[in-house]
Amino acid sequence: MARMGTRQDRIVPSLMAVAVALMTMPAIAQEAADQPATQVGDIIVTANKREESLNRVGLTITAISGDELAQRRITSLQDVAAAVPGLAFAPSANNTPILTLRGIGFNESSLGVYPAVSVYVDQTPLPFPVLASHAGFDLERIEVLKGPQGTLFGQNSTGGAINYVAAKPTSTLQAGGDIGYGRFNRVEGNAFISGPIAENLRARLAVTGVNSDGWQVSYTRPEDRNGKQSYIAGRFLLDWDAAESVRFAFSLNAWRDKSEPQAAQYILLQPQTPGDEQPQELAAPFSPETPRAADWATGINTPRSNRRFIQPAMRADFDLSEDLTLTSLTSYSRYKQDQTTDGDGSALIVTDIQEDYGTIRSFNQELRLANNPAAAFRWVLGANYEKSKTFERQLLVYPDNNSFSPSKNFIFQNFQQGRQSIRNYAVFGNVEYDLSEKLTAKGAVRYTNSRNAAEICGFDAGDGQIAGLFNFLGSLIGSAPFTPVSATGRFDNNCFSLDENNTPSGEPFTQTLKEDNVSWRAGLDYRVQPNTLLYANVSRGYKAGSFPILAAATESQFAPVTQEALTAYEAGIKAGFLDRKVQLNAAAFYYKYRDKQVLTKVADPIFGILDQLRNIPKSRVFGVEAELTVRPVTGLTLSGAVTYLDTKIEEYTGVDYVGTPRDFAGQTLPFASKWNYSLSADYRMQTASGGTPFFGANVNGRSSADTVPGGRTITAVNTVNSRVLPGLVYPFRTNGFATVDGRIGYEAADGRWTAMVWAKNIFNTYYWTNVVTASDFSARYAGMPATYGVTLAFKIR
């Protein structure tokens, strides 16, 4: 039976918050001693686009070191989200990741949609979410910057930014790697070689790859498996000190992924047009509530993927004087996909994407000028230009849903296609001024100008059924003459969606979205003691509008969402105590959210409930978070983190996911769990022989969350023949859960080799991270079951 968040789910994070407060009270009573600017335990970050100690940056940042990433087996975006309280990851029916940070995200999964949480590798943008799928290998660290980051990182970071910092070429020859074997016959390998290749020229080559069997089991065909993983990724870095004042850093990132997209678990039948249900729909079994259970269609609709990405990038630094540096960042991203995904979580073909072909091409150029970072008055001035083109074509097939009925001309498939040509430019500035030894004032501003020209069309797949239906509708309800659309045309002049005259449009829907904005930040940093920083910031960020790729009965469904704005008020503390044995980071924040973008529903008189992008006029977020790290004895590190979120829609009326018109005021934002928490313990003990046994454990949990606006109040069964998974009351919510990971291993005395046994989700906790609707069916995406394995690592120095 599905549970909406047990008493334990509510009590555990509450107790953690109290524990954090109690543990910090005696530490606060201790006076911090002077410490050097950098020391053991310091983490260097680049939040202000220069290297600084994490404890000296007046922003809320979660940083995970390269060693911790390796030991905890953090490689994917899903792993990163599990390790960072407040960050949520959700898979989608389009095999595109959805990221939400502190309740700020965009639940749209079209290929060419900008995120609300932007991702970078060494400050080089990965502007669309799918491009970040395999960036997490051979890293120095990951930085997660929370809150609007628009002034330095650009728009589309209203929630925050994730920066992968790659391990750099070394001045001496080094090599290393690891090989692992785990559950589902998972074989994973990583390797790198780094060192000088000529005077002032250093290189590094790193590769990673995974191959595994499927982890999902069909609950109607127990012999069938899905979820096989098969990918390889590589990174080549070349650093050249061309002169004492001129430096170049070239990088080439690339990957290829042939993994099988995750299948969903069917949980709800909600007929779009009651009376047109197929007999097989009414008889379809619901999924068991276990982590591995799922179902999918077979034959040509079996889930598959072939995705490729490559990105060359060049950074150039020119020291114009002792106090002035000009930096250029240039990159070009190219992505291509050809895949099949199952959208309904059943063996039927209620709504599957039989062909999902897409491409992304994106050019980015940034120039910035900065003075000496050691000066009392520090500044950065810069400009940025982006040119991106996206294309996506989907063959949607649905012979087992209500559209295959006499009233709809027995339609069972159609193409939908969209192109976007996007141009953005921006100018920005950032200043910091030390008013005294302890007090620093900060300010930043960025002007962004955006143009997005879109061309979208739905057209017949060659059988003539959907063209015939819309030609009939045009003759029946149309108010103007029209040229019938053809079944043989592809895209041009054969778009079937009804225009403002209720006739088939023929021509593609075209529109150019023109927007501009000014994002800004102002703040104060006050250093109470050398290891204690208080900070307060107020900022505003924007996310650009976008167009959807979806099945549309009318052209009004192609209308874009316009840009959203978020104004953030935040104050926090970063404090080290007891000779840096205790580190406390805490912050409180309040967001005013205007015109939040959301994928929601529209009631169509012919086809029932269809997708549409909308802006939520007003919403808000209040939150508190804390991270505590304690090193009580040599080798032992204890840490805990908790995030509390209170989100609310203040103004929005529309149609919910079961077709009911309603006022959404008072509802929560999607993917915004009220509680997120983590606990970890790591212990390393050096033996007399010099070897180091180690072990560690992590608990990561979060409370339940809505996956759509109004999810906590949608009970779903409100039409004839509606059916829902027994015991499930609110189908459009995730469950509250906690998972436990662990590891134990041994590192040789010289550090040349390490052996480790590890496990994730040790207790095989069943949880799900998203719920999607595909025509008459709704389905959930389950989290990974228990996985375990052994890893052997080596280093050559």
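Predicted, not measured: the structure shown is a model, and the values here were computed from it.

A. The pattern of salt bridges, seen in detail. In total, this model carries 32 salt bridges according to the counting rule given. Notably, a salt bridge pairs arginine 102 with glutamate 625, separated by 3.1 Å at the nearest N-O pair. Within this pair, whereas arginine 102 is found in the loop between strand 5 (98-101) and strand 6 (104-105), its partner glutamate 625 is found in strand 32 (residues 608-630), the two being separated by 523 residues in sequence. Across the pair, exposure class does not vary: arginine 102 and glutamate 625 are buried alike. Among the salt bridges present, the one from lysine 442 reaches aspartate 525, with a minimum N-O distance of 2.8 Å. One end of the pair, lysine 442, is in strand 25 (residues 439-459); the other, aspartate 525, is in strand 28 (residues 509-529), with 83 residues separating them in the sequence. Given a relative accessible area of 5%, aspartate 525 falls into the buried group. A single salt-bridge network, built from bridges that share partners, covers Arg102, Lys146, Glu570 and Glu625.

B. Highlighting unusual backbone geometry. In this model, arginine 73 sits at a positive phi of 55°, which is unusual for a non-glycine residue. Considering the arrangement of structural elements, one finds arginine 73 in the loop between helix 2 (66-71) and helix 3 (77-83). Its identity is not glycine, yet asparagine 764 carries a phi of approximately 55°, on the positive side. Position of asparagine 764 among the secondary structure elements: in the loop between strand 40 (753-760) and strand 41 (768-774). The class of asparagine 764 is partly exposed, set by a relative accessible area of 35%.

C. Spotlight on the state of the cysteines. One pass over the full model with this rule turns up one disulfide. A disulfide bridge connects cysteine 457 with cysteine 495, and the sulfur atoms are separated by 2.1 Å. Since a negative S-S torsion denotes a left-handed disulfide, the cysteine 457-cysteine 495 link at about -115° is left-handed. With cysteine 457 in strand 25 and cysteine 495 in strand 26 (residues 495-498), this residue pair connects regions lying 38 residues apart in the sequence.

D. Spatial organisation of the pairing of strand 23 (residues 377-397). Pairing between strand 22 (residues 352-371) and strand 23: 18 bridges, direction antiparallel. Residue pairing for strand 23: glycine 358 is matched across the bridge by glutamate 392. Turn length for the strand 22-strand 23 hairpin, with the two strands adjacent in sequence and antiparallel, is five residues. Summarising the sheet, strand 23 and strand 24 (residues 413-434) pair through 21 bridges and their orientation is antiparallel. Residue arginine 393 lies in a different strand from strand 24, and its bridge partner there is glutamine 417.

E. Representation of the side chain of glutamate 108 in the model. Among the structural elements, glutamate 108 can be located in the loop between strand 6 and strand 7 (117-121). No salt bridge is formed by the buried glutamate 108; the nearest opposite charge belongs to lysine 543, separated by 8.5 Å. When neighbours within four sequence positions are excluded, glutamate 108 is seen to be in contact with Ile98, Val113, Phe547, Pro548, Leu599 and Leu613.

F. How the structure looks around a nonpolar patch on the surface. Together, Ile179, Tyr181, Val187, Phe695, Ile744, Val757, Val790 and Leu792 make up a nonpolar patch on the protein surface, roughly 720 Å² of accessible area in all. Inspection of the secondary structure assignment puts isoleucine 179 in strand 11 (residues 174-182). A residue is classified by how much of its surface remains accessible, and isoleucine 179, at 46% relative accessible area, is partly exposed.

G. Region of the structure containing the nonpolar core. Counting 38 residues, the largest nonpolar core has Val80, Leu126, Leu131, Ile142, Ile162, Tyr164 and Tyr335 as the members making the most contacts within it. Elements represented by at least two residues in this core include exactly helix 3, strand 4 (87-90), strand 5, strand 7, strand 9 (139-146) and strand 10 (160-166). Per-element accounting of this core gives the leading share, four residues, to helix 3. Residues Phe509, Leu513, Leu599 and Leu725 belong to the second largest nonpolar core, which totals 34 residues.

H. The environment of tyrosine 114, seen in detail. Tracing the chain through its elements places tyrosine 114 in the loop between strand 6 and strand 7. On a C-alpha basis, the gap between tyrosine 114 and glutamine 155 in space is 9.4 Å, while along the polypeptide they are 41 residues apart. In contact with tyrosine 114, other than residues within four places in its own chain, are Phe106, Pro127, Phe128, Asn156, Glu386, Ser388, Ile422, Asn424, Lys543 and Ala544. A distance of 3.2 Å separates the side chain of tyrosine 114 from the side chain of asparagine 424, its partner in a polar contact.

I. Highlighting the pairing of strand 9. Burial analysis of strand 9 places seven of its eight residues in the buried class, the great majority of the element. Where strand 3 (residues 61-65) meets strand 9, five bridges bridge the pair, whose relative direction is antiparallel. The partner of isoleucine 61 across the bridge, within strand 9, is leucine 145. Of the strand pairs in this sheet, strand 9 and strand 10 are connected by seven bridges, and their pairing is antiparallel. Looking at strand 10, one finds that arginine 141 is bridged to valine 165.

J. Geometry of the confidence of the model for the chain. In this model, the chain carries a mean pLDDT of 91, and residues with pLDDT of at least 70 account for 94%. Predicted confidence for residues 1-40 stays below pLDDT 50, and this span has 53 contacts to residues more than four positions away or in other chains.

K. Summary view of the sheet that holds strand 14 (residues 216-218). Spatial ordering of the open sheet is given by 15-14-19, a layout of three strands whose pairing is mixed. Looking at which strands have only one partner, the edges of the open sheet turn out to be strand 15 (225-226) and strand 19 (293-294). Summarising the sheet, strand 14 and strand 19 pair through two bridges and their orientation is parallel. By the bridge assignment, valine 217 is partnered in strand 19 with alanine 293.

L. Main features of helix 6 (residues 465-477). If you check helix 6, its first and last C-alpha atoms are 18 Å apart, about what 13 residues at 1.5 Å a residue would give, namely 18 Å. Residues of helix 6 that are buried: Ile466, Ala467, Leu469, Phe470, Asn471, Leu473 and Gly474. Where helix 6 is buried, its residues contact strand 24, strand 26 and strand 27 (504-506).

So, how was this worked out
- Counting restarts for each chain, with residues numbered from 1 along the sequence as it is written.
- In view of the model being predicted, local features appear only for residues whose pLDDT reaches at least 70, and side-chain atom pairs are presented and counted only at 80 or more, with totals across whole chains, interfaces and linings using the full set of residues.
- By convention in this description, side-chain values take in all heavy atoms of the structure and omit both hydrogens and water.
- Salt bridge, as used here: a side-chain nitrogen of Lys or Arg that lies within 4 Å of a carboxyl oxygen of Asp or Glu.
- Secondary structure elements follow DSSP: runs of H or I no shorter than four residues count as helices, runs of E no shorter than two count as strands, and numbering proceeds from the N terminus.
- Summary of the burial criterion: residues with accessible area below 20% of their type's maximum are buried, those above 50% are exposed, and those between are partly exposed, where the area comes from a 1.4 Å probe applied to protein chains only.
- Here, the term disulfide refers to a pair of cysteine sulfur atoms separated by no more than 2.5 Å.
- DSSP calls a pair of strands paired once it identifies at least 2 bridges connecting them.
- Asp and Glu are treated as the negative residues and Lys and Arg as the positive ones, with His and the ends of the chain left uncounted.
- Any two residues whose heavy atoms approach within 4.5 Å at even a single point are treated as in contact.
- Residues qualify for a patch when their relative accessible area is over 30% and they have no salt bridge, like charges being joined within 9 Å and the nonpolar side chains of Val, Leu, Ile, Met, Phe, Trp and Tyr within 5 Å.
- With residues, only the protein chains shown are counted as cover, and all accessible areas are computed by Shrake-Rupley using a 1.4 Å probe.
- By nonpolar core is meant a set of buried Ala, Val, Leu, Ile, Met, Phe, Trp, Tyr and Cys residues that side-chain atoms within 4.5 Å join together.
- Residues adjacent in sequence count toward polar contacts only when both atoms are side-chain atoms; beyond that, a polar contact is any pair of N or O atoms within 3.5 Å, and within protein one must be able to donate a hydrogen and the other to accept it.
- pLDDT measures how confident the predictor is about each residue, on a scale from 0 to 100.
- For a helix, the expected span equals 1.5 Å multiplied by the number of residues minus one.

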